[in-house]
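A closer look at the structure
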Amino acid sequence: MSKQQFWLFRSLTSLIFIYAGTKHLTTPGGIFKRIASSTIYGFIQNEALFITAIYLSGALMVAAGLALLIGYKTKSAAWILLAMIIPITLTTQLENLNDLGPFFKNVAIMGSLLLITKRKLNHEKNNSNINDHANRASVLLSGKSSTEERQSAIHASTDKAY
């Protein structure tokens, strides 16, 4: 995936959370209505706790979504959002087994977030390649290494895929 494609992918993923977080902050009553009708609310019947959680999760979704959008601490933001979406998916999205569309949508979003957490930045790749080349060169140029070490360094440099 090119840098531009990844930027678009990351930006579109971020918009999901910015929108959802904004809904949590602007219409907490509607979100609470869905929670109150879920099984989880049967175990913890505390409206104040859930309203507070709705506001906090909304603020966190907006903040982490904006971080993804602008490319600031993207891996951390993706991990935060992943930690939030998993319990939401398991508690509210599995309530209606007749319509698993929202559940699978969240699973796809989780996949997007995992991809973002695993993305290596270009400068990390370049530094890694430079260090690999420097290490191989030092083995090849040093008179102290054995023939086997030199052959291994040559073999590693020709096998490395860029």
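Residues numbered from 1 in each chain as written. Predicted model: local features only at pLDDT ≥ 70, side-chain atom pairs only at ≥ 80, totals over all residues. Heavy atoms only, no water.

**Digging into the packing of helix 5 (residues 74–93) against helix 6 (residues 101–118)**
Interaxial distance between helix 5 and helix 6 falls to 9 Å at its minimum, and their mutual angle equals 160°. Viewed along their axes, helix 5 and helix 6 adopt a mutual orientation that is roughly antiparallel. Here the hand of the crossing between helix 5 and helix 6 comes out left-handed. Contact with helix 5, carried on its side by T74, K75, A78, W79, L81, L82, I85, I86, T89 and Q93, involves P102, F103, N106, I109, M110, L113, L114, I116 and T117 of helix 6 and no other residues of that element. (Axes fitted to C-alpha atoms, helices over the stretch in contact; angles between N-to-C directions. Helix = DSSP H or I, 4+ residues; strand = E, 2+ residues; numbered from the N terminus. Parallel < 35°, antiparallel > 145°, perpendicular 65-115°, else oblique. Left-handed = near helix turned anticlockwise from the far one by under 90°. Contact = heavy atoms within 4.5 Å.)

**Looking at the nonpolar core**
In this structure, F17, L68, L81, I85 and L113 are the most contacted members of the largest nonpolar core, which totals 16 residues. Those elements giving two or more residues to this core turn out to be helix 1 (3–26), helix 4 (47–70), helix 5 and helix 6. Per-element accounting of this core gives the leading share, six residues, to helix 5. Every residue in contact with L81, bar those within four places of it in the chain, is listed here: F17, M61, A64, G65, L68 and L113. In this structure, F32, I35, Y41 and F50 belong to the second largest nonpolar core, which totals six residues. (Core = buried A, V, L, I, M, F, W, Y, C linked by side-chain atoms within 4.5 Å. Buried < 20%, exposed > 50% of the residue type's maximum accessible area, 1.4 Å probe, protein only.)

**With respect to the packing of helix 1 against helix 6**
Orientation of helix 1 relative to helix 6, taken along the N-to-C sense of each, is 130°, at an axis distance of 11 Å. Classified by the interaxial angle, the pair formed by helix 1 and helix 6 is oblique. Seen from above, helix 1 lies across helix 6 with left-handed handedness. Contacts from F6, F9, R10, T13, I16 and F17 in helix 1 reach I109, S112, L113, L115 and I116 in helix 6. Here the residues of the contact of helix 1 with helix 6 sort into eight nonpolar, two polar and one charged. (Nonpolar A, V, L, I, M, F, W, Y, C, P; charged D, E, K, R; others polar.)

**Focus: the side chain of T74**
Along the chain, T74 falls in helix 5. Of the residues examined, T74 reaches a relative accessible area of 14% and is grouped as buried.

**A few points about unusual backbone geometry**
For K73, which is not glycine, the phi torsion reads 50° and is therefore positive. Structurally, K73 is set in the loop between helix 4 and helix 5. Note on K73: relative accessible area 54%, which makes it exposed.

**Topic: the environment of E95**
Mapped onto the elements, E95 comes out in the loop between helix 5 and helix 6. Judged by its relative accessible area of 36%, E95 falls in the partly exposed class. Sequence separation between E95 and S37 is 58 residues; the distance between their C-alpha atoms is 9.3 Å. Beyond its immediate stretch of four places on either side in the chain, E95 contacts S37, S38 and T39.

**Thoughts on the side chain of S112**
As for its placement among the helices and strands, S112 is situated in helix 6. Judged by relative accessible area, which is 16%, S112 ranks as buried. Not counting residues within four places of it along the chain, the set of residues in contact with S112 comprises F9 and T13.

**Here's the deal with the packing of aromatic side chains**
Applying the stated criterion to the full structure yields two aromatic pairs. Ring geometry for F6 and F9: centres 6.2 Å apart, planes at 35°, overall tilted. Linking F6 with F9, this pair stays in helix 1, spanning three residues, or about one helical turn. Take F6: its relative accessible area is 8%, and that puts it in the buried class. Ring centres of F103 and F104 lie 5.0 Å apart, and the angle between their planes is 75°; this geometry places the pair in the edge-to-face category. Overall, the relative accessible area of 16% leaves F103 in the buried class. Lying across the ring of F6, R119 places its NZ or CZ 4.3 Å from the centre. (Phe/Tyr/Trp six-rings, centres within 6.5 Å; stacked < 30°, edge-to-face > 60°. Lys NZ or Arg CZ within 6 Å of the ring centre and 35° of its normal.)

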